[in-house]
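Spelled out, the chains give:
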Amino acid sequence: MTRIEKRFAEAKAANRPALVTYVMAGDPDLATSQAIMEALPQAGSDIIEFGMPFSDPMADGVAIQLSGQRALAAGMTLRGVLDMVENFRRKDETTPIVLMGYYNPIYVFGVDGFLAAAKAAGVDGLIIVDLPPEEDDELCIPALKAGLNFIRLTTPTTDDKRLPAVLKNTSGFVYYVSMTGITGAVIKSRGAVGEAVERIKGHTDLPVAVGFGIKTAEDAAEIGKHADGIVVGTVLVDAVGKSLADGKATDKTVAAVRDLVADLASGVKRARG
Amino acid sequence: MDGINSLRNGPDEEGRFGLYGGRFVAETLMPLILDLEAHYRAAKLDPAFKAELDDLSVHYAGRPSPLYFAKRLTEHLGGAKVWFKREELNHTGSHKINNCLGQILLAKRMGKTRVIAETGAGQHGVATATVCAKFDLPCTIFMGATDVERQMPNVLRMKMLGAEVRPVTAGAGTLKDAMNEALRDWVTNVDTTYYLIGTAAGPHPYPEMVRDFQSVIGTELKEQFQEAEGKLPDAVVACVGGGSNAIGTFHAFLDDADVRLYGAEAGGHGIDVENGHAASMTGGRPGVLHGNRTYLLQDSDGQILEGHSISAGLDYPGVGPEHSFLHDSKRVTYAPITDNEALEAFQLCTRLEGIIPALESAHGLAQLMKVAPSMGKDQSIVLCLSGRGDKDVESVGKYLGLL
């Protein structure tokens, strides 16, 4: 059993969705970011999505754009992201880590070299926004061969006809994007999200996590009624941004993220209560 | 005529020109670009679509654009005969209208009710706002905040045409940031919105579609030159930002091995100045951005650089994927032209021919000026004069100290 499978199984046994938290690697600086990462499991995060900063995050809203800019300004690189995962793994052997970002830095790093380094560092899976199934030969197939999960986004525009193609090489879990839009936007209809999750479950046995637009413990509880996992990102990186003074970390930075995650974890726990 | 060894066969079914191109977009957009491709294929086969586009090209855009013999420039350079393909005489003042007319007809066919576009210098924004006014579709133009400032006349034109101009402050506020923002809008408004990309780049089928709509330039040029001189030209030159006028000019000549093709990239302060140019092929490396793999200006970690050019229309860190393919295959010679070389060509053209070229086109002319003198007097070289320079007189005036 992979770390990801194990985590979803544990959450299911506890009759609750898994809490997946997204933070940006290197935001606002390397040391603080490492501390944030390490605080996440204790605060109630089941799975960590670790953002690989990119200069042109086309699918992200302002909060994650700014977060990536802070990380890049602080000197974060793809190699740096892998080093942080390696550091984390020395203390935590069980929390799954999924790297999320865009393809170009990986392409420039070199696909084979990157996959080997990611596996060695203790990465469990990848979510690459700009690699649809049409481009599976680029990274998805090599990643699966290297023993990493490749987690695909499905969206409201992915209809039943297309869904099997999208799910074909997906592994670990399915990430359902709750809306047509960018990260951090507002979910218009929670009911529609529930229906969509059911529709996807009709096509796969993989756990389905829902992300984009989940901001509060109440959102998490509500969406978590149907979903196997809840993904929260924008509010967390926004909390990092708001905790800064003159662009630098303060003693509030790590705590701001930790408190939010603890609150969201409480929402996840009462989702089916 | 397009045999197995033809360079005109691309892209393949996956939207690839060799290594380049592809469909590197978020899943939300994937069904949209597949739908777009299906509609484009159908439109291409529909005689009514072609008839309407041809009619608009003649009566609205003013095609065919003339082929003009630049006598004084020829004498000045002392080599090959110099010709201009006068795309700057089209309605809205550049080649951009060719593509906008084609795509707006497609948007109508698809039942879309809103149009978005990105623009750098504002030429594509103006052309888009123009066709949206004519076809009564609301449109939003994304433009980098820096470009809004340096291209005010075009901003005013777009607004008067009824477009909403949305300044983009993310990044350095130039063309790539405008494109990011347009993609964010599209991913949000998938049901209603048509994204009218202005250059032969982006996810498949855009590079192919924009090329096809712009290919009228080279096709006309070939006929006109045949009529004037009874042969093919010896060399053809165009400027390359994203590369829509260049691919439109070159495409008809790709299999004519005797016709030398030159693309002028934005060399800015010089190709050796770090982040001081926008020459993605001569100064960049392959990468993936905005839906396609192509040559990009980027650092060693794969982060995209902003680049620099005196010309807002060439100030883009990427290039259309077909150009990347033609660069690798060496069919087209791409060369960097510095800001200063472009300024010199701008002035020479203005003084000798009474034609004020766009700064973008002046890059092409500067490349022509390097090639023509070493060619024989019985030879000919043609420049695609892609746009007029009215929009640039203020910024050139500043550079020359006239203001």
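Residues numbered from 1 in each chain as written. Chains lettered and ligands numbered in written order. Predicted model: local features only at pLDDT ≥ 70, side-chain atom pairs only at ≥ 80, totals over all residues.

### Considering the overall build of chain A
- For chain A, the count of helices and strands is 12 helices and 9 strands.
- Since a compact globule built from 273 residues should have a radius of gyration of about 19 Å, the 17 Å found for chain A is in line with a globular shape.
- Counting only C-alpha atoms, chain A reaches 45 × 40 × 35 Å along its principal axes.
- The buried share of chain A, reckoned over its 273 residues, is 58%.
- In chain A, once contacts between residues fewer than 6 apart in sequence are set aside, the share between residues at least 24 apart is 75%. (Helix = DSSP H or I, 4+ residues; strand = E, 2+ residues; numbered from the N terminus. Rg over C-alpha atoms; globule rule 2.2 N^0.38 Å. Buried ≥ 20, exposed ≤ 12 C-beta atoms within 10 Å, placed from the backbone. Contact = placed C-beta atoms within 7 Å.)

### Quick word on helix α13 (residues 321–328) of chain B
Residue and element names in this part refer to chain B.
- In terms of residue burial, α13 counts as a mostly covered element, since 7 of its 8 residues are buried.
- Among the residues of α13, Pro321, Glu322, His323, Ser324, Phe325, Leu326 and His327 are the ones counted as buried.
- Where α13 ends, the next residue or the one after it, lysine 330, has phi of about 65°, a positive value.

### Section: the sheet that holds strand β3 (residues 67–69) of chain B
All names here are of chain B.
- Strand order in this open sheet of 6 strands is β3-β4-β14-β9-β10-β13, and the pairing throughout is mixed. The sheet is open, and its two borders are formed by β3 and β13 (332–338), each paired with just one other strand. Put simply, the sheet's adjacent strands are angled 25° from each other on average, direction ignored.
- As judged from the 7 bridges shared by strand β10 (residues 260–268) and β13, these two strands associate in the parallel manner. Along β13, the bridge assignment pairs glycine 268 with threonine 338.
- In this fold helix α15 (residues 359–371) packs onto β4 (81–85), β9 (235–239), β10, β13 and β14 (380–384), with an angle of close to 145° to the strand it touches most, β9. (Pairing = 2+ DSSP bridges. Axes fitted to C-alpha atoms, helices over the stretch in contact; angles between N-to-C directions.)

### A short note on helix α3 (residues 62–73) of chain A
All names here are of chain A.
- A rise of 1.5 Å per residue sets the reference length of α3, with its 12 residues, at 16 Å; its end C-alpha atoms lie 16 Å apart and thus fit the reference within 8%.
- Along α3, the residues that are buried comprise Ala63, Ile64, Gln65, Ser67, Gly68, Arg70 and Ala71.
- For α3, the secondary structure elements touched by its buried residues are β1 (18–24), β2 (47–51) and α11 (234–243).
- The positive-phi residue at the C-terminal boundary of α3 is glycine 75, with phi of around 95°. (Expected span 1.5 Å × (residues − 1).)

### A closer look at the nonpolar core
- Grouped together as the largest cluster of nonpolar side chains are 216 residues, with contacts concentrated most on Phe50, Val81, Tyr175, Tyr176, Ala209, Ile230 and Leu236 of chain A.
- Both domains that meet at this core, namely domain 1 (31–58 + 96–210) and domain 2 (64–93 + 215–399) of chain B, each give it at least three residues.
- The residues touching phenylalanine 50 of chain A, leaving out its near neighbours within four places in the chain, are Val23, Ala25, Val81, Val85, Ile97, Val98, Leu99 and Met100 of chain A. (Core = buried A, V, L, I, M, F, W, Y, C linked by C-beta atoms within 7 Å. Domains from an automatic or database assignment.)

### Quick notes on the interface of chain A and chain B
- Each partner contributes to the interface: chain A provides 34 residues, whereas chain B provides 27 residues.
- Elements with a contribution of two residues or more to the side of chain A that touches chain B: α3, α5 (103–109) and β6 (153–154) of chain A.
- In terms of residue count, the dominant contributor to the side of chain A that touches chain B is α5 of chain A (6 residues).
- The residue inventory of the side of chain A that touches chain B, partitioned by class, reads 18 nonpolar, 10 polar and 6 charged. (Nonpolar A, V, L, I, M, F, W, Y, C, P; charged D, E, K, R; others polar.)

### Considerations on the environment of glycine 62 of chain B
Residue and element names in this part refer to chain B.
- Residue placement: glycine 62 occurs in the loop between α2 (47–61) and β3.
- Counting along the chain gives 29 residues from glycine 62 to histidine 91, while the straight-line C-alpha distance between them is 6.4 Å.
- If we skip the residues at most four places from it in the chain, glycine 62 touches Leu89, Asn90 and His91.

### Description of the pairing of β1 of chain A
Residues and elements named next belong to chain A.
- The buried count for β1 comes to 7 of 7 residues, which makes it a mostly enclosed element.
- Burial of β1 is two-sided: the residues Ala18, Val20, Tyr22 and Met24 facing one way and the residues Leu19, Thr21 and Val23 facing the other way are all buried.
- In this sheet, strand β9 (residues 229–232) lies alongside β1 in parallel orientation, the contact comprising 4 bridges. Of the residues in β9, the one forming a bridge with leucine 19 is isoleucine 230.

### Quick word on the domain arrangement of chain B
All names here are of chain B.
- Along its sequence, chain B is carved into domain 1 (31–58 + 96–210) and domain 2 (64–93 + 215–399).
- Just the C-alpha atoms count here: the centres of domain 1 and domain 2 sit 22 Å apart.
- Counting residues per element, the ones that place at least two in the side of domain 1 that touches domain 2 are α4 (96–109), α5 (123–134), α6 (145–150), α7 (152–160), α8 (175–188) and α9 (206–214).
- The class makeup of the residues in the side of domain 1 that touches domain 2 is 13 nonpolar, 14 polar and 4 charged.

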